[in-house]
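Architecture at a glance
In case you want the letters, here they are:
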Amino acid sequence: MNNFIKKEIPPLTEEQIAELDALKYRKIDLSDIPEITHEEFERAIAKKRAKLREKNLKIA
């Protein structure tokens, strides 16, 4: 049983299109995000792999 109602999405106005177009050339300020070290990245990848392995073992 599907409880979702499909609604027609109205097309974008010229103003909305212009706003979106202007955003294409805007730079994102990343200065408040701390840089990650190579070691931190490696630990994150290892942790993700371990979680995936654990999940696969539980499924099998």
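See the structure above.
What comes next concerns the included structure. On a predicted model such as this, the values are computed, not experimentally measured, just so you know. Per chain, residue numbering runs from 1 following the sequence as it is written. In keeping with the predicted nature of the model, local features appear solely for residues at pLDDT of at least 70, side-chain atom pairs appear and are counted solely at 80 or more, and the whole-chain, interface and lining totals rest on all residues. By convention in this description, side-chain values take in all heavy atoms of the structure and omit both hydrogens and water.

**What about the overall build of the protein?**
Rules: The way it works is that DSSP assigns letters per residue, a run of H or I at least four long becomes a helix, a run of E at least two long becomes a strand, and they are numbered from the N terminus. Relative accessibility thresholds used throughout: buried, under 20% of the residue-type maximum; exposed, over 50%; partly exposed, between the two (1.4 Å probe, protein chains only). All accessible areas in this document rest on Shrake-Rupley with a 1.4 Å probe, and a residue is counted as covered only by the protein chains that are shown.
When helices and strands are counted, the protein shows two helices and zero strands. Per-residue burial for the protein yields a buried fraction of 0% across its 60 residues. Accessible surface, the protein: about 7000 Å² in total, of which carbon and sulfur atoms supply 59%.

**Focus on a nonpolar patch on the surface**
Convention followed: Two joining distances apply to patches: 9 Å for like charges and 5 Å for nonpolar side chains (Val, Leu, Ile, Met, Phe, Trp, Tyr), and every residue must have over 30% relative accessible area and no salt bridge. In what follows, salt bridge is the name for a side-chain nitrogen of Lys or Arg lying within 4 Å of a carboxyl oxygen of Asp or Glu.
There is a patch of nonpolar side chains on the surface, built from Leu12, Ile17, Leu20 and Leu23 and spanning about 360 Å² of accessible area. Its place among the elements puts Leu23 in helix H1 (residues 14-23). When its relative accessible area of 44% is taken as the criterion, Leu23 is described as partly exposed.

**What about a positive patch on the surface?**
Which entries qualify depends on this criterion: By the counting rule applied here, Lys and Arg register as positive and Asp and Glu as negative, while His and the ends of each chain are not counted. To locate a charge, take NZ of a lysine, CZ of an arginine, CG of an aspartate or CD of a glutamate.
Residues Lys47, Lys48, Lys51 and Lys55 make up a contiguous surface patch of positive charge. With respect to the helices and strands, the residue Lys47 is situated in helix H2 (residues 38-59).

**Description of the pattern of salt bridges**
What the rule picks out here adds up to one salt bridge. One salt bridge connects Lys24 with Asp21, and the closest N-O pair in it is separated by 2.8 Å. Residue Lys24 is classed as exposed on the basis of its relative accessible area, which comes to 55%.

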